[in-house]
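Examining the three-dimensional arrangement
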Amino acid sequence: MPESWRLPSILSATTQIGQIGPLLFLIFHALLPRHVTFIRTIYVVLVIGALSCLLLVFFWSKTAFIFGEERSIGIYILNFSLALLDGTSSVTFLPFIGSKFVKEYIVPNYIGESFAALIPSVLSLIQNIGKEDKCHNVTRGNETFLEPVPFQPTYSVSVYFLLMFLLLVMSTIAFSLVVFSKTGKQERKRARQLNEKSEKSEKSEKNVNEISTFVGTTNHKSEKIILLTITGLVSFTCYGILPAFQSYSALPYGNQAFNLSVNLSYLLLPISIIFTIWSYECSVKRICIEFSLTLLVAIYIIVIGCLSPCPPLIDSWFGAFLIVLAWIVIQTMFLRVRCLAAARLERFGKKMLLFFGALTMGGQFFGGIAIYIVVDIYKMLKEKPQCVFDTSYCH
């Protein structure tokens, strides 16, 4: 692609423009709650996502000369459409589960989200795109220079997007089964019955003394603020800023390090979320500790990206190992923290899950715009030169 290492930050910016989708949903859901329902919106989201992947099969490589340079206009536009899916799902899927099903389905929702990342990663590994660059001599006029040779993957990019289209079609069918199947209806009925019992139980406990009520409310308020703040910071860091640093932090160590940092982290996501089931009721303190430790790893990645194309240990396998491990920790632990925060916030009702989704969207938006300014406008991060296979450019 003509943007080279800058492409992730540009796609991150187009993704943030797509956050208009969840914003419009929140407005119309508040104004027209009977018409703009979770189920209808989720169907629209899935159909738009499937059509976007189908169009990417044909238009992913289309470019146009805009703002003084060649740009991948096809992938910009269709990435924006996919961002509508991603952003709107943050404020629809989880509130839908929280309002229609028992809370035990929140963690399986994140298991499904992790598998949505696992399958594309497996397909990407099969595609074998981690080969190191090759170059050949090119003569133009009186000048001879080295030029990169594009390598051929196991199957084309178009085939990859076709497989993604089929995956979203399967997702639409699966959601239809959740909504219309006998099992899905029985589970929603069970959730309603449990909610009614819970409401009756709450009414019977209204005679508790005033001091205890005040203390409990204060504790719940602080818990909500802490968990929602963590949610916003996770989205700002993991889904806003860090995607732009993936190429600058991993590619200096080689294409294979970049390929593994992208795909291995997603391969391990399901395992991370499955283990989360056994810590479903973990404390806010533990969530804060896990978030803080993961944030330190994120800072390490950002520092490595800022030092590109000459990060520490560039000549050692250990440097590549550390950056791949850092990306695995980031992806798995940040999703785990989000899952644990959502599980605790579910106790406070559908409205709190909407706040959770809104902060996920807002954090991602501000992080993506900030890093786009740094990378694409001010061009503060540096790429390594092409067709140089040693580290002479660092000395």
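Quick caveat: nothing in here was measured; it's all calculated off a predicted structure.

**Describing the environment of Pro120**
When you line up the elements, Pro120 lands in helix α6 (residues 106-127). The buried category is assigned to Pro120, whose relative accessible area is 13%. Sequence separation between Pro120 and Arg344 is 224 residues, and the spatial gap between their C-alpha atoms is 30 Å.

**Some details on the packing of aromatic side chains**
Applying the stated criterion across every chain, the model contains nine aromatic pairs. Between Trp317 and Phe318, the ring centres sit 5.7 Å apart and the planes meet at 80°, which makes this aromatic pair edge-to-face. With relative accessibility at 66%, the residue Trp317 sits in the exposed group. In this structure Phe318 comes out as partly exposed when scored by relative accessible area, which is 37%. On the basis of an interplanar angle of 25° and a centroid distance of 6.0 Å, the ring pair of Phe318 and Phe321 is categorised as stacked. Taken together, the residues span about one helical turn, with Phe318 and Phe321 both in helix α13 (residues 317-345) at a distance of three residues. Taken together, the ring pairs in this structure connect Tyr43, Phe96 and Phe175 into an aromatic cluster.

**Concerning the packing of helix α1 (residues 7-17) against helix α4 (residues 73-90)**
Taken N-terminus to C-terminus, the directions of α1 and α4 make an angle of 50°; their axes are 8 Å apart at the nearest point. Comparing their axes, α4 and α1 come out oblique. As α1 runs across α4, the sense of the crossing is right-handed. In this structure, α1 contributes Leu7, Ile10, Leu11, Thr14, Thr15 and Ile17 to the contact, and α4 contributes Ile75, Tyr76, Asn79, Phe80 and Ala83.

**Here's the deal with the state of the cysteines**
All chains considered together, the criterion is met by one disulfide. With a sulfur-sulfur separation of 2.1 Å, Cys310 is cross-linked through a disulfide to Cys394. Around the S-S axis, the bridge from Cys310 to Cys394 shows a dihedral of about -95° and counts as left-handed. Of this pair, Cys310 sits in the loop between α12 (284-306) and α13 while Cys394 sits in the segment after α14 (350-377), and the two are 84 residues apart along the sequence. For the unlinked cysteine Cys288, the closest cysteine sulfur is that of Cys282, found at 9.7 Å. Residue Cys288 is classed as partly exposed on the basis of its relative accessible area of 24%. Cys282 provides the cysteine sulfur closest to Cys339, a residue in no disulfide bond, and the two sulfurs are 9.4 Å apart.

**Focus on unusual backbone geometry**
The residue after Ser308, namely Pro309, is reached through a cis peptide bond having omega 10°. Among the structural elements, Pro309 can be located in the loop between α12 and α13. Positive phi is not limited to glycine here, since Leu313 has a value of about 60°. Take Leu313: it is sitting in the loop between α12 and α13. The phi dihedral of Lys379 falls on the positive side, at around 50°, and the residue is not glycine. Of note, Lys379 is situated in the segment after α14. Classification of Lys379 as partly exposed rests on a relative accessible area of 39%.

**Some points on the nonpolar core**
Tyr110 and Ile301 are the most contacted members of the largest nonpolar core, which totals 81 residues. No other element matches α13, which puts 15 residues into this core. With near-sequence residues (within four places) excluded, Ile301 lies in contact with Leu242, Phe245, Ser249, Ile323, Ala326, Trp327 and Ile330.

**Thoughts on a positive patch on the surface**
Together, Lys100, Lys189, Arg192 and Lys350 line one region of the surface with positive charge. Locating Lys100 in the fold gives a position in helix α5 (residues 93-100). Look at Lys100 and you get partly exposed, because its relative accessible area is 37%.

What counts and what doesn't
Here the residue index of a chain counts from 1 through its sequence in written order. Only residues with pLDDT of at least 70 are given local features in this predicted model, and only at 80 or more are side-chain atom pairs given and counted; all residues enter the totals for whole chains, interfaces and linings. Excluding hydrogens and water, the side-chain figures rest on all heavy atoms present in the structure. Only DSSP runs of H or I with at least four residues qualify as helices, and only runs of E with at least two residues qualify as strands; both kinds are numbered from the N terminus onward. The buried label goes to any residue with under 20% of its type's maximum accessible area, the exposed label to any with over 50%, and the partly exposed label to all in between, with areas taken from a 1.4 Å probe on protein chains only. Only rings of Phe, Tyr and Trp enter the pairing, Trp through its six-membered ring, and a pair is recorded when the two centres are within 6.5 Å. The plane angle decides the type: under 30 degrees is stacked, over 60 is edge-to-face, the rest tilted. Inter-axis angles, ranging from 0 to 180 degrees, are taken between N-to-C directions of lines fitted to C-alpha atoms, where helices are fitted over the stretch in contact. Each angle gets one of four labels, with under 35 degrees taken as roughly parallel, over 145 as roughly antiparallel, 65 to 115 as roughly perpendicular, and the rest as oblique. If you view the pair so one helix is near and one far, a crossing is left-handed when the near helix is turned anticlockwise from the far one by less than a right angle, and right-handed when it is turned clockwise. Contacts were defined at the residue level, with two residues in contact if any of their heavy atoms lie within 4.5 Å. Disulfides are defined in this document as cysteine sulfur pairs within 2.5 Å. Take the buried residues of types Ala, Val, Leu, Ile, Met, Phe, Trp, Tyr and Cys, join any two whose side-chain atoms come within 4.5 Å, and each joined set is a nonpolar core. Every patch collects residues that have over 30% relative accessible area and no salt bridge, joining them within 9 Å if they carry like charges and within 5 Å if they are nonpolar side chains (Val, Leu, Ile, Met, Phe, Trp, Tyr). All accessible areas in this document rest on Shrake-Rupley with a 1.4 Å probe, and a residue is counted as covered only by the protein chains that are shown. What makes a salt bridge here is a side-chain nitrogen of Lys or Arg within 4 Å of a carboxyl oxygen of Asp or Glu, nothing more. The charge count includes Lys and Arg as positive and Asp and Glu as negative, but it does not include His or the ends of the chains. Note that the charge is assigned to NZ on lysines, CZ on arginines, CG on aspartates and CD on glutamates.

Scope: geometric values only; no functional claims are made or implied.
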